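Coordinate analysis (summary)
Chain residues, written in single-letter form:
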Amino acid sequence: MKIIGINIVIGCALIFSGCRVSKPGAMESEMAKDVKHKITVGGKNTPNPIAATPENIKDGQEHFGHHCGICHGLDGEATGVPFAQKMSPPIPSLSSSDVQEYKDGQLKWIIENGINPSGMPSWKGILTDDEMWKIVDFMRHLPHNEKTKMGLSEPIAYGAIIMAMDPKGGPKPRDVLNQFMGSTDLGAKLTVAGSYYQTKKAEAGAVMQLQADPAKLPKCDAADACGWECAVNKELKVPTNVGEFVKWCIVPSLQ
Ligand code: HEC
C-alpha cells in the first residue's frame, strides 16, 4: 500500500497543476516544443553510463511502473490511465518521435528536473542517478504488443487518488466516480470499482451491482510487472472479469 500512498500525493499534484495550465494553441505548442528540445531541457551531452542490458531494462521497467505508470501507464502510452486525454497538457506518448528524439541525457534531465509548469514532477532526491538512467534504458525499449497494460494496482490507485481530491465546493469525488459505474470505458469502470477498496461496508452498496459484470479484464502478465490476482482468505484468486474482480478483490476488503 506504500506505493499507493505516494501515488495519491503525486496524482493530486497532477490534477491540480494540470487544471491551472490552459491548453496552448497549435503554433504556441510547436514553438514550446522547439524551445524545450533546444534550450530548456539540458543534459544533451551527458552520456548514459548504464548499458541497456536486459537486467537494467527490467530494473528500469520496475521503477517506471512504480513512479511513472500512474500517469504514463505501464506501457508509456497512458493505456488505462483514466482521464489522460482530458488533462492539460495531455500526457504524451513516450514512444512518439517527439520524445524519442531526445538524447538519453535529456530524458534523464527531464526525470530529474520535471517539466514546469505541468504535471510532470521532478524526481531529484527520490530516484538515484542509476535508477533514472535505467528508466531511460526502459523508455528506449517500451513494450510494443497488443496487451492493455492495466493490472490490479492501477484501478485501486487511481480510485484512491480521485477519492482523495478536494472538490472545493464542486461535486463530491464519489458522485463523479459513480457516474462511470456503467461506462463502456473499461478503465473508468474499473477505477470506480477500485475506488471502493477498503471503504466502509455501509458506504459500498453501489459497487455490489458490479459483481455480476461479465466484462473481461484487460490482459496483463508477470513479464509486464502486472497482474490481477488477489488473496481471498489466504487463497490466491485470479479474476478474469469485472464481476470476479469486485467479488474477490474489492468486497472482501470492505471494512
Ligand atoms: C503526475 C503525473 C506524471 C508522473 C508521475 C510522471 N509524468 Fe512524465 N509527464 C507528465 C505530463 C503531464 C507530461 C507532459 C508535460 C509537458 O508536455 O509539458 C509528461 C511528460 C513526460 C515526458 C516528455 C517530455 C517532453 O518534453 O515531451 C517524459 C520523457 C516523461 N514525462 C517521463 C516520465 C518518467 C520517466 C516518469 C517517472 C520517473 C514520469 N514521466 C512521471 C506527467 C507525469
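Predicted model, so just to flag it, every value in this text is computed and none were measured.

Here we take up the nonpolar core. Of all hydrophobic cores here, the largest spans 26 residues; its most connected members are Ala193, Val242, Phe245, Val246 and Ile250. Secondary structure elements with two or more residues in this core: α8 (153-163), α10 (186-194) and α11 (242-250). Beyond its immediate chain neighbours, meaning those up to four positions away, isoleucine 250 contacts Ala193, Tyr196, Tyr197, Val207 and Phe245. Judged by nonpolar contacts, the second largest core, of 15 residues, contains Phe64, Leu94, Ile111 and Trp133.

Mean pLDDT for the protein chain: 79, with 76% of residues reaching 70 or above. Counting interchain partners and residues more than four positions distant, the pLDDT-below-50 stretch residues 1-25 has 36 contacts.

The buried fraction of helix α6 (residues 104-113) is high, at seven of 10 residues. Those residues of α6 not exposed but buried are Asp104, Gln106, Leu107, Lys108, Trp109, Ile110 and Ile111. Looking one or two residues past α6, glycine 114 carries a phi angle of roughly 70°, positive in sign.

The description of two helices packed together rests on the angle between their axes and the distance between the axes. In the contact formed by α8 and α10, the axes pass within 7 Å of each other and the chain directions differ by 70°. What the angle tells us is that α8 and α10 run roughly perpendicular. Note on element contacts: α10 touches α8 through Leu190, Thr191, Ala193 and Gly194, opposite Pro155, Ile156, Tyr158 and Gly159. Per-class residue counts for the contact of α8 with α10 are five nonpolar, three polar and no charged.

The rules behind the values
- Residues numbered from 1 in each chain as written.
- Predicted model: local features only at pLDDT ≥ 70, side-chain atom pairs only at ≥ 80, totals over all residues.
- Core = buried A, V, L, I, M, F, W, Y, C linked by C-beta atoms within 7 Å.
- Buried ≥ 20, exposed ≤ 12 C-beta atoms within 10 Å, placed from the backbone.
- Helix = DSSP H or I, 4+ residues; strand = E, 2+ residues; numbered from the N terminus.
- Contact = placed C-beta atoms within 7 Å.
- pLDDT = per-residue confidence, 0-100.
- Axes fitted to C-alpha atoms, helices over the stretch in contact; angles between N-to-C directions.
- Parallel < 35°, antiparallel > 145°, perpendicular 65-115°, else oblique.
- Nonpolar A, V, L, I, M, F, W, Y, C, P; charged D, E, K, R; others polar.

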